[in-house]
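# Architecture at a glance
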Amino acid sequence: MTAIVYVSNAGSSRQYAEMLSEKTGFPVYSFKESGKVPEDAEVIFIGWIMAGTVQGLKEAAEKFTLKAVCPVGMMKGEKQDAELKAKNAIEVPMFPLMGNFHVENLTGMYKMMMNMMLKMMKSKLKENDVPDGQKALDALEKGVDMVSEENLNDILAWLEENE
């Protein structure tokens, strides 16, 4: 049996977990509900990235048999994916997903840290000519929405081949 377990801060991981559940019929649980996950379940874990760490992954790996990991963040690419996999000791198939970002959706310490980072970015942009720096700053200040069902195509194809 396969189940989906997620950890979400601003909602993107939850959205992907629910979309994946709709497409596959697998039950979905927040990590807080993980006691409800059947003991024999293989878990697809979906978690958000902060500072290169997939939040909740370590705990999920200790508690469940992982089938795949879907880290949700703002960047993906061969180099970033390899670094993420290495830093988080991911030994199962990994399917990075692009998430949403809106400062106002963050809570507590994360919101405070991001506001500090935005101030630092603004001052650095004034001091230096950073290619695409203003675009990145605008996306962080105004928010960006990148959650999409299309982003699940890789994991859905893999599941179809491996189920």
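An account of the accompanying structure is given in this report. (Residues numbered from 1 in each chain as written. Predicted model: local features only at pLDDT ≥ 70, side-chain atom pairs only at ≥ 80, totals over all residues. Heavy atoms only, no water.)

## Some thoughts on the layout of surface pockets
- Size it by volume and the largest pocket reaches roughly 980 Å³.
- When residues of the lining of the largest pocket are traced back to their parent elements, those giving at least two are α1 (12-24), β3 (42-50), β5 (65-73), α3 (78-87) and α4 (108-127).
- When its volume is computed, the second largest pocket comes out at roughly 210 Å³.
- Lining of the second largest pocket is provided by Tyr6, Val7, Ser8, Gly11, Arg14, Ser30, Phe31, Lys32 and Trp48. (1 Å grid on protein atoms, 1.4 Å probe; cavity = no way out; pocket = protein on both sides within 12 Å on 5 of 7 lines; lining within 4 Å. Points joined across faces, edges and corners; volume = space filled by probe spheres on them. Helix = DSSP H or I, 4+ residues; strand = E, 2+ residues; numbered from the N terminus.)

## Re the pattern of salt bridges
- Enumeration over the complete set of coordinates arrives at four salt bridges.
- Of the charged contacts, one joins Lys36 and Glu33 as a salt bridge, the two residues approaching to 3.8 Å between their closest N and O atoms.
- A residue is classified by how much of its surface remains accessible, and Lys36, at 57% relative accessible area, is exposed.
- We classify Glu33 as partly exposed; its relative accessible area is 32%.
- Between Glu42 and Lys67 there is a salt bridge, and its shortest N-O distance comes to 3.9 Å. You can see Glu42 sitting in strand β3 and its partner Lys67 sitting in strand β5, a full 25 residues away along the chain. (Salt bridge = Lys/Arg side-chain N within 4 Å of Asp/Glu carboxyl O. Buried < 20%, exposed > 50% of the residue type's maximum accessible area, 1.4 Å probe, protein only.)

## Notes on the packing of aromatic side chains
- Within the structure shown, the criterion is met by three aromatic pairs.
- Taking the centre distance of 5.1 Å and the plane angle of 85° together, the rings of Trp48 and Tyr110 count as edge-to-face. Taken together, the positions of Trp48 in strand β3 and Tyr110 in helix α4 put the pair 62 residues apart, joining distant regions of the chain.
- Accessibility expressed as a relative area gives 24% for Tyr110, which makes it partly exposed.
- When the ring of Phe95 is compared with that of Trp158, the centres are 5.5 Å apart and the planes differ by 50°; the resulting orientation is tilted. You can see Phe95 sitting in the loop between α3 and β6 (97-98) and its partner Trp158 sitting in helix α6 (residues 153-162), a full 63 residues away along the chain. Here the two residues Phe95 and Trp158 agree in accessibility, since each one is buried. (Phe/Tyr/Trp six-rings, centres within 6.5 Å; stacked < 30°, edge-to-face > 60°.)

## Focus: the pairing of strand β1 (residues 2-7)
- With six of its six residues buried, β1 lies for the most part within the structure.
- Here β1 shows no split at all, with Thr2, Ile4 and Tyr6 on one side and Ala3, Val5 and Val7 on the other all buried.
- As paired elements, β1 and β3 share six bridges and run parallel to each other. In the strand pairing of β3, Val5 is matched with Phe45.
- As paired strands, β1 and strand β2 (residues 28-30) are joined by three bridges and run parallel to one another. Of the residues in β2, the one forming a bridge with Tyr6 is Ser30.
- With respect to chirality, the unit in which β1 leads through α1 into the neighbouring parallel β2 is right-handed. (Pairing = 2+ DSSP bridges. Right-handed = clockwise from strand over helix to strand, strands pointing away.)

## What to know about the side chain of Ser21
- Looking at where Ser21 falls in the secondary structure, it is placed in helix α1.
- The exposure class of Ser21 is buried, given its relative accessible area of 16%.
- The contact partners of Ser21, leaving out residues within four places of it in the chain, are Ile4, Phe26 and Val28. (Contact = heavy atoms within 4.5 Å.)

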